[in-house]
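Tertiary structure, described
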Amino acid sequence: MLSEAEWQAILISLRVAGVAVGWILVPGVALAWLMARREFRGKALLDGVLHLPLVLPPVVVGYLLLLSLGRQGWLGQWLDQWFGVTLPFTWQGAAVAGGVMAFPLLVRAVRLSLEAVDVKLEAAASTLGAGRWRVFFTITLPLAFPGLLTGGVLAFARALSEFGATITFAANIPGETRTLPLALYTLIQTPGAEAAAARLCVLSIVIAMLSLLASEWLARHARRRLSERDG
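Residues numbered from 1 in each chain as written. Predicted model: local features only at pLDDT ≥ 70, side-chain atom pairs only at ≥ 80, totals over all residues. Heavy atoms only, no water.

1. Here we look at unusual backbone geometry
If a residue is not glycine, its phi is most likely negative; likewise, a peptide bond is most likely trans. Phi at Phe89 takes a positive value of approximately 65 degrees, unusual for a residue other than glycine. Inspection of the secondary structure assignment puts Phe89 in the loop between α4 (76–83) and α5 (91–115). Here Phe89 falls in the partly exposed class, since its relative accessible area comes to 46%. A positive phi angle, close to 70 degrees, is found at Ala171, a residue other than glycine. Among the structural elements, Ala171 can be located in the loop between α8 (164–169) and α9 (180–188). (Helix = DSSP H or I, 4+ residues; strand = E, 2+ residues; numbered from the N terminus. Buried < 20%, exposed > 50% of the residue type's maximum accessible area, 1.4 Å probe, protein only.)

Written as structure tokens, this is what we have:
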């Protein structure tokens, strides 16, 4: 049986990952559409910046978040003074860290799905009088929905497993920011806690596998529904 502290870590992880996906969803879809549908100067540079969290050490990402969103950071100072929002060392900060690390996965999945949408269908809807937003919400987004589902689930799994950026930006506070990876790290450092660490390790593998299976199932289900509707 899992202890109270272990259940607490699981619940914090689920909350952090859910909020992380929630705040990156709209900007992720917007940037994916921009990268898939528009050509502009500096596009390659923007693409590189979007994928930086995938190649940078997570601790570096966490440190950059501290510099920008800390109380003395250029953005964090403004958030604190005007809205009373303090992100470092809070579960909301952990959600920000998880979202930043998961953002490239979401954008990439949605972008690939948008690029697979036949632009002739969008053009046909426009010639029939549909506005840009109506075309997006009635043609583009439904056709790209499998990619959106896949990206969302993958982003959730990535935020759920985030360690380096979280411990740097949000610390390892029991009951506040101690997510599943941080709880596992703590148990590994604790003498005599090998059994508890093994339980969390197995649980992490199970949650990750379920996330991947759910992503595949949802994508197939969405594609099947689209095929039935078109047929």
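2. So, the nonpolar core
Counting 18 residues, the largest nonpolar core has Ile24, Val110, Leu114 and Ala155 as the members making the most contacts within it. For this core, the secondary structure elements donating two or more residues are α1 (4–37), α5 and α7 (132–160). Those residues in contact with Val110, other than ones at most four positions away along the chain, are Val29, Ala32, Gly147 and Leu148. Counting 15 residues, the second-largest nonpolar core is a separate cluster that includes Ala9, Leu184, Leu200 and Ile207. (Core = buried A, V, L, I, M, F, W, Y, C linked by side-chain atoms within 4.5 Å. Contact = heavy atoms within 4.5 Å.)

3. Here we look at the pattern of salt bridges
Applying the stated criterion across every chain yields a total of 6 salt bridges. In this structure, Arg37 and Glu122 form a salt bridge, with 3.1 Å as the shortest nitrogen-oxygen distance. In this pair, Arg37 is assigned in helix α1 and Glu122 in helix α6 (residues 119–127), connecting sequence segments 85 residues apart. Judged by its relative accessible area of 12%, Glu122 falls in the buried class. Here the residues in one salt-bridge network are Asp47, Arg111 and Glu115, joined through shared partners. (Salt bridge = Lys/Arg side-chain N within 4 Å of Asp/Glu carboxyl O.)

4. Section: the environment of Phe169
Here Phe169 shows up in helix α8. The class for Phe169 is buried, based on a relative accessible area of 0%.

5. Notes on the confidence of the model for the protein
On average, residues of the protein score 89 in pLDDT, and 98% of them are at 70 or above. Helix α10 (residues 194–230) is the least confidently modelled element of the protein, averaging 80 in pLDDT, while α8 averages 95, the highest of any element. (pLDDT = per-residue confidence, 0-100.)

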